[in-house]
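A structural walkthrough
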Amino acid sequence: MPDMIQSTEGLIHFIAGVLALITGTLVLSMKKGTKLHIRIGYIYVISMLVLLISSFMIYRLFNGWGIFHYASIISAFSLLVGIIPAIFLRHKSFWLRLHFTGMFWSVIGLWAAFVAEMSVRVPESSFMWMVGVAFGVVMLIGVIIFSFYKPKWISWTKYY
């Protein structure tokens, strides 16, 4: 197997990705609204920003712009949908719904990207098939989890 990390940008991308996976998962699983939740959440956002910026510096796979760059744009959108309301729109009644939704899908999208990345490491596998199936399975699990927790999260909006 060739070296997974090919450049300084790749190393930065890898470190930011691992940190984002850890902190994003922690934030989703911990009690919401605490100081610890907020602090770890900001670490998640910063690591995601580094991850997204570094993703636009990596062109080895397609020798140019590729499918993962489009995924980075979608990921940036979900991250912004999650963080902007928490910082700037707390005076609006809908801020918490946007925050939960954006952050949830940001983390689930990150997990989908991670699973897709790992699945293409399977020897003699079809790249696009492995990426599509891995991404689709994780997103389906995300839809199920989101559907289950959404009513609970919406009920919290009356407390904020």
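If you're wondering where the values come from, they're calculated on a predicted model, not measured in any experiment.

For soluble globular proteins, nonpolar side chains are generally found buried alongside one another. The biggest cluster of nonpolar side chains holds 13 residues, and the ones touching the most others in it are Tyr44, Val45, Met48, Leu79, Met103 and Leu110. Where this core is concerned, the elements lending two or more residues are helix 1 (8–29), helix 2 (35–55), helix 3 (67–88) and helix 4 (95–119). Among the elements that make up this core, the one with the highest residue count is helix 2 (five residues). Not counting chain neighbours up to four residues away, the residues in contact with Val45 comprise Leu79, Ile83 and Met103. Counting residues in hydrophobic clusters, the runner-up holds ten residues, among them Leu96, Phe100, Phe104 and Phe146.

Further remarks concern a nonpolar patch on the surface. A cluster of nonpolar residues, Trp129, Val133, Val137, Ile141, Ile145, Phe148 and Tyr149, forms a patch on the protein surface that exposes about 700 Å² of accessible area. Mapped onto the elements of the fold, Ile145 is located in helix 5 (residues 127–156).

Now for the packing of helix 3 against helix 4. Closest axis-to-axis distance for the helix 3/helix 4 pair is 7 Å, and the angle between their directions is 145 degrees. Considering how the two elements wind past one another, helix 3 and helix 4 form a crossing that is left-handed. Contact with helix 3, carried on its side by Ser78, Leu79, Val81, Gly82, Ile83, Pro85 and Ala86, involves Trp95, Leu98, His99, Gly102, Met103, Trp105 and Ser106 of helix 4 and no other residues of that element.

So, on to the packing of aromatic side chains. Taken as a whole and judged by the stated rule, the model has five aromatic pairs. Ring centres 5.2 Å apart and planes at 40 degrees place the aromatic pair Phe104 and Phe146 in the tilted group. Of the two residues, Phe104 is situated in helix 4 and Phe146 in helix 5; the sequence distance between them amounts to 42 residues. Its relative accessible area of 3% is what places Phe104 among the buried residues. Overall, Phe146 belongs to the buried group, its relative accessible area being 12%. Pairwise contacts between aromatic rings join Phe104, Trp105 and Phe146 into one cluster.

By the element assignment, Thr101 lies in helix 4. On the basis of relative accessible area, Thr101 is assigned to the partly exposed category, the value being 31%. For the pair formed by Thr101 and Phe146, sequence separation is 45 residues and the distance between their alpha carbons is 8.4 Å. Among the polar contacts listed, one links the side chain of Thr101 to the backbone oxygen of Arg97, at a separation of 2.8 Å.

On to the confidence of the model for the protein chain, then. Confidence in the prediction of the protein chain, expressed as mean pLDDT, is 84, and 84% of residues score 70 or more. Ranking the elements of the protein chain by mean pLDDT puts helix 5 last with 81 and helix 2 first with 95.

Analysis parameters
- Residues numbered from 1 in each chain as written.
- Predicted model: local features only at pLDDT ≥ 70, side-chain atom pairs only at ≥ 80, totals over all residues.
- Heavy atoms only, no water.
- Core = buried A, V, L, I, M, F, W, Y, C linked by side-chain atoms within 4.5 Å.
- Buried < 20%, exposed > 50% of the residue type's maximum accessible area, 1.4 Å probe, protein only.
- Helix = DSSP H or I, 4+ residues; strand = E, 2+ residues; numbered from the N terminus.
- Contact = heavy atoms within 4.5 Å.
- Patch = residues over 30% accessible without salt bridge, like charges linked within 9 Å, V, L, I, M, F, W, Y side chains within 5 Å.
- Areas by Shrake-Rupley, 256 points an atom, 1.4 Å probe, with all protein chains shown as cover.
- Salt bridge = Lys/Arg side-chain N within 4 Å of Asp/Glu carboxyl O.
- Axes fitted to C-alpha atoms, helices over the stretch in contact; angles between N-to-C directions.
- Left-handed = near helix turned anticlockwise from the far one by under 90°.
- Phe/Tyr/Trp six-rings, centres within 6.5 Å; stacked < 30°, edge-to-face > 60°.
- Polar contact = N/O pair within 3.5 Å; in protein donor to acceptor, adjacent residues only side chain to side chain.
- pLDDT = per-residue confidence, 0-100.

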